[in-house]
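Geometric and topological summary
Residue strings, one per chain:
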Amino acid sequence: MWAPAKAFSAKKIFVVTFFICLSLIVYNIFTYLALILDGESVKFVFSVFGFLPFYKIIYSHVIAQLVFLVGIGFSVIVIMLGLLGVSILEVEALRGNRFFSAWEAIAFSFRRGKQIFLSELALILFIAFIIIAIALFGVVCRIPFIGAWLYALLFLVPGFIIALVAVFILAVFLISIILLPSIAAAERNGESFTVILETFSTIIRQPLRWLFYTAYVLVAAKIVSFVYAYFCYRAVQFLAWSAKLGGGINMERWVKAGLAHLPVRSDFVREIFNIFPGIDWSVSLSKYIYGGSYGASTHLMALMLFLILVSIIGYFLSVVATGQTRTYIVIRYYKDDYNITAEKPLMDDNFHESKGTS
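The text that follows walks through the structure, step by step, so that each part is easy to find. (Residues numbered from 1 in each chain as written. Predicted model: local features only at pLDDT ≥ 70, side-chain atom pairs only at ≥ 80, totals over all residues. Heavy atoms only, no water.)

Let's talk about the overall build of the protein
Test applied: Runs of E in the DSSP output that reach at least two residues are strands. Runs of H or I that reach at least four are helices, and both are numbered from the N terminus. Residue exposure (1.4 Å probe, protein chains only): buried if accessible area is under 20% of the type maximum, exposed if over 50%, otherwise partly exposed. It only takes one pair of heavy atoms within 4.5 Å for two residues to be counted as in contact. For every accessible area listed, the method is Shrake-Rupley and the probe measures 1.4 Å; residues are considered covered only by the protein chains on display. His residues and chain termini do not enter the charge count, which takes Lys and Arg as positive and Asp and Glu as negative. Where a charge sits is defined by one atom per residue type, namely NZ (Lys), CZ (Arg), CG (Asp) or CD (Glu).
Check the secondary structure of the protein and you find 13 helices and 2 strands. The dimensions of the protein, computed from C-alpha atoms along their principal axes, are 85 × 55 × 45 Å. Across the 358 residues in the protein, those meeting the buried criterion constitute 42%. In the protein, the share of contacts with a sequence separation of at least 24, taken over all contacts with a separation of at least 6, comes to 81%. Surface accessibility of the protein: about 19,700 Å² in total, with carbon and sulfur atoms responsible for 73%. For the protein, the distance from the average site of its 27 positive side-chain charges to the average site of its 19 negative ones is 7 Å.

Structure follows, in structure tokens:
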């Protein structure tokens, strides 16, 4: 229940904001590389989308599509590292180490990046293996006359059972994006197999508890991030208005010129400043966009406003990561009678985890 309050921490928001920006860099690199491979004019695309090419882009070449999908995958992995950084801050605080710094959390996330990557890759490969196996079975079923009977005979057992398992694994894979980083943070040895096993165990043995806690965390995260977004909006207004009292340049128009460089009219940004999708209770930024420009300095203003915007998303993800960490700690206690909070902090280990030395 305290996840939104515990997540409202400068170092937690900083950690996840750092990885969101890094994820955006990774996304841009792969997106523009895919555009180059697709023969598009990168200069033209950049003039339209800039550093935020989130609009739907259709690639005509398979290689370009694969590069784009790989970029999406790595971007998600980087976001998971941000969730991992928040989770380790929360785990260490519950273990009694409240002095675990943001930079230590970032370093921890980079060191555990291989664990996160291998865990997700193992799930993807297992799903791919099942798809390939069923596809090969489909090739066999193309045999005239015998194929139709063979397909019908094996449709229920083992065909349907295997497909059902594959769908479950796919669901766990999607859930693992928010759950696995918290489990990895609580796992001291950095073993991918243990993290995968605990992810499945959590979903299989305590599904209702996990669903209830996660639903609460997501709803609470959206509400408190909306409140934070509103205060950010008013703070920017107050700063521009107060600076204008000193005379000189109209600071409000300067802020509006910076907003003109950002996709504030997009659905994604609109939902950030809206309390819930489908409920029209929001703050509109479109009317504050100023079409003029004061030169290159407006790009710097746009960067500052962008970081404020990302911090709103960062707070939302910080609540999610903090809530998932506390959820896993509770579930681990119920299913295994094991109290993670009773463990020693990482700095008390024989090897110093925060520095990675033996």
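Side note on the nonpolar core
Formally: Here the nonpolar core consists of buried residues drawn from Ala, Val, Leu, Ile, Met, Phe, Trp, Tyr and Cys, with membership extended through side-chain atoms lying within 4.5 Å.
One finds V15, L84, I88 and I116 to be the most contacted residues of the largest nonpolar core, which totals 32 residues. Listing elements by their share of this core, those giving two or more residues are helix 2 (10-37), helix 4 (62-95), helix 5 (102-111), helix 8 (155-186), helix 9 (192-205) and helix 13 (297-336). Sorting elements by how many residues they give to this core places helix 4 first, with 8 residues. If we ignore the near neighbours within four places in the chain, the residues touching I116 are I77, M80, L81, L84, L180, P181 and A184. Counting residues in hydrophobic clusters, the runner-up holds 30 residues, among them V86, A229, C232 and L305.

Some thoughts on the side chain of R112
To be explicit about the condition: Polar contact criterion, stated in full: a pair of N or O atoms within 3.5 Å, where within protein one must be able to donate a hydrogen and the other to accept it, and residues adjacent in sequence count only if both atoms are side-chain atoms.
Counting through the fold element by element, R112 comes out in the loop between helix 5 and helix 6 (113-140). Among the polar contacts made by the side chain of R112, one reaches the main-chain carbonyl oxygen of E187 at a distance of 2.9 Å.

Remarks on the packing of aromatic side chains
To keep it simple, the criterion reads: Centres within 6.5 Å make a pair out of two Phe, Tyr or Trp rings, where for Trp the six-membered ring is used; the pair is then stacked when the planes are under 30 degrees apart, edge-to-face when over 60, and tilted otherwise.
Per the counting criterion, the structure on display carries 20 aromatic pairs. On the numbers, 6.0 Å between centres and 55 degrees between planes, the contact of F212 with Y213 is tilted. Assessed through its relative accessible area of 24%, Y213 is described here as partly exposed. With 6.4 Å between their ring centres and 40 degrees between their planes, Y230 and Y233 make a pair best called tilted.

A look at the state of the cysteines
Covalent bonding between the sulfur atoms of two cysteines defines a disulfide. How we decide: The disulfide definition used here is simple: a pair of cysteine sulfur atoms within 2.5 Å.
Enumeration according to the criterion identifies 0 disulfides in this entry. Counting only cysteine sulfurs, C21 is the nearest neighbor of C232, a cysteine outside any disulfide, at a range of 14 Å.

Description of the environment of A34
Locating A34 in the fold gives a position in helix 2. Of the residues examined, A34 reaches a relative accessible area of 0% and is grouped as buried. The contact partners of A34, leaving out residues within four places of it in the chain, are Y59, A64, V67 and F68.

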